Amino acid sequence: MIPAERPLSPHLQIYKPQLTSVLSITHRGTGLALGVGAIFFVWWLSGAAWSDACFRAAQAFWGSWLGKLFLLGWTFSLFFHLLNGVRHLLWDIGFGFELPMAYRTGWTVVAFSALLTVVAFGGGLYAWGLS
Amino acid sequence: MSGGAAVRHWRAQRVSAVALILLTLWLVESLLAHLGADRAQIQAWLGQPIPAALAAALVAVAFFHLALGVRVVLEDYVHTPRRQSTALLANRVACWALALIALAAIATLAFGW
């Protein structure tokens, strides 16, 4: 039997990028990035519980350039996903659906994610340097 | 997904999201407070009842929320039915396994096993 050719909605690359769609896909991307981060977190936690070698390997990784780059990515991902998640929850209770408001809350999420990332990551690096 | 299952998925995603707002902020604050800590300091921290309980709650809710989110992504992007069902199963198994390992680690630290 020939499978029915059902219509598909146009894929992402068909559309011109707009703030609303870019934030939507970034919400997914940051969620997946945090999932990868959770695996690393379990690695570190397992080391703390059961293995000196495993714990030290995880600590050494956070200290490396690549580790810090990952931490920077996860810091941004966490703040973005958290703030944009709140934006979604507000939509769910009926607030902010109008397009101008969707843009305003969208830019607010971008600005505060960047700000909180700089404060948390920068402050962390500074404190780490002192410790 | 049936109608009822979709509603439950929607609600579970949002309830876990609200819980994660507080739990992840607590984690960020705690990790910043333990920068450069050695293993003994982490053991001392999670050896206390409240941090251990919060860490356990965070791990359980976070992997639950992750499993729900990844499920939607797989349903959207994996089109072949057999591949999709395999991917959905793998997602559930991985999230369960990671959550159980993390909970066992926290229990070990909390009870000093």
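As a reminder, the structure under discussion sits directly above these lines.
Computed from a predicted structure; not experimentally measured.

When you look at the overall build of chain B in this model, what are you seeing that I'm missing?
For chain B, the count of helices and strands is four helices and zero strands. Here the C-alpha atoms of chain B give a radius of gyration of 17 Å, more than 25% beyond the 13 Å that 2.2 N^0.38 yields for 113 residues. Seen along its three principal axes, the alpha-carbon backbone of chain B occupies a region of about 50 × 25 × 25 Å. Long-range pairs, those at least 24 residues apart, make up 71% of the contacts in chain B between residues at least 6 apart in sequence.

Looking at this structure, how should I read helix H3 (residues 65-92) of chain A?
Owing to its 3.6 residues per turn, the α-helix aligns residues three or four sequence positions apart on the same side. The end-to-end C-alpha distance of H3(A) is 40 Å, a good match for the 40 Å that 28 residues give at a rise of 1.5 Å each. Of the surrounding elements, those touching the buried residues of H3(A) are helix H1 (19-50) and helix H4 (99-130) of chain A together with helix H1 (3-33) of chain B. Looking one or two residues past H3(A), A:Gly94 carries a phi angle of roughly 90°, positive in sign.

Where do I start with the interface of chain A and chain B in this structure?
The accessible area lost on association of the parts is a frequent measure of interface size. Each side of the interface is counted separately: chain A has 24 residues, and chain B has 24 residues. No other element matches the 12 residues that H1(A) contributes to the side of chain A that touches chain B. Residue composition of the side of chain A that touches chain B, by class: 15 nonpolar, six polar and three charged.

What is the right way to read the nonpolar core from this model?
It is characteristic of soluble globular proteins that their nonpolar side chains tend to be buried jointly. Judged by nonpolar contacts, the single largest core of 33 residues is most densely connected at A:Ala38, B:Val59, B:Phe63 and B:Ala102. Those elements giving two or more residues to this core turn out to be H1, helix H2 (52-63) and H3 of chain A together with H1, helix H3 (49-77) and helix H4 (81-111) of chain B. Ranked by residues supplied to this core, first place goes to H3(B) with eight residues. Discounting residues that sit within four places of it in the chain, A:Ala38 has contacts with B:Ala62, B:Phe63, B:Leu66 and B:Leu98.

I tried to follow the environment of B:Phe111 on my own but got confused; where do I start?
Its place among the elements puts B:Phe111 in helix H4. Measuring from C-alpha to C-alpha, the distance between B:Phe111 and B:Gly47 comes to 6.7 Å, with 64 residues separating the pair along the chain.

Definitions and cut-offs
- Just so you know, the residues in each chain are numbered from 1, in the order the chain's sequence is written.
- Whichever chain is written first becomes A and whichever ligand is written first becomes 1, with later ones labelled in order.
- Totals for whole chains, interfaces and linings use every residue, but because this is a predicted model, local features are given only for residues with pLDDT of at least 70 and side-chain atom pairs only at 80 or more, for both listing and counting.
- Helix and strand definitions here come from DSSP, where helices need a minimum of 4 consecutive H or I residues and strands a minimum of 2 consecutive E residues; each element is numbered from the N-terminal end.
- Put simply, the radius of gyration uses C-alpha atoms, and a globule should come to 2.2 Å times the residue count raised to 0.38.
- Contact between residues is assigned whenever the C-beta positions, reconstructed from backbone atoms, fall within 7 Å.
- The span you would expect from a helix comes to 1.5 Å times its residue count less one.
- Classification convention: Asp, Glu, Lys, Arg as charged; Ala, Val, Leu, Ile, Met, Phe, Trp, Tyr, Cys, Pro as nonpolar; all other residues, Gly among them, as polar.
- Working definition: the nonpolar core is a set of buried Ala, Val, Leu, Ile, Met, Phe, Trp, Tyr and Cys residues, joined through C-beta atoms within 7 Å.
- Field definition: a residue is buried when 20 or more other C-beta atoms are found within 10 Å of its C-beta, exposed when 12 or fewer are, and partly exposed for counts in between, with C-beta atoms placed from the backbone.

Honestly, it's all geometry; don't read function into it.
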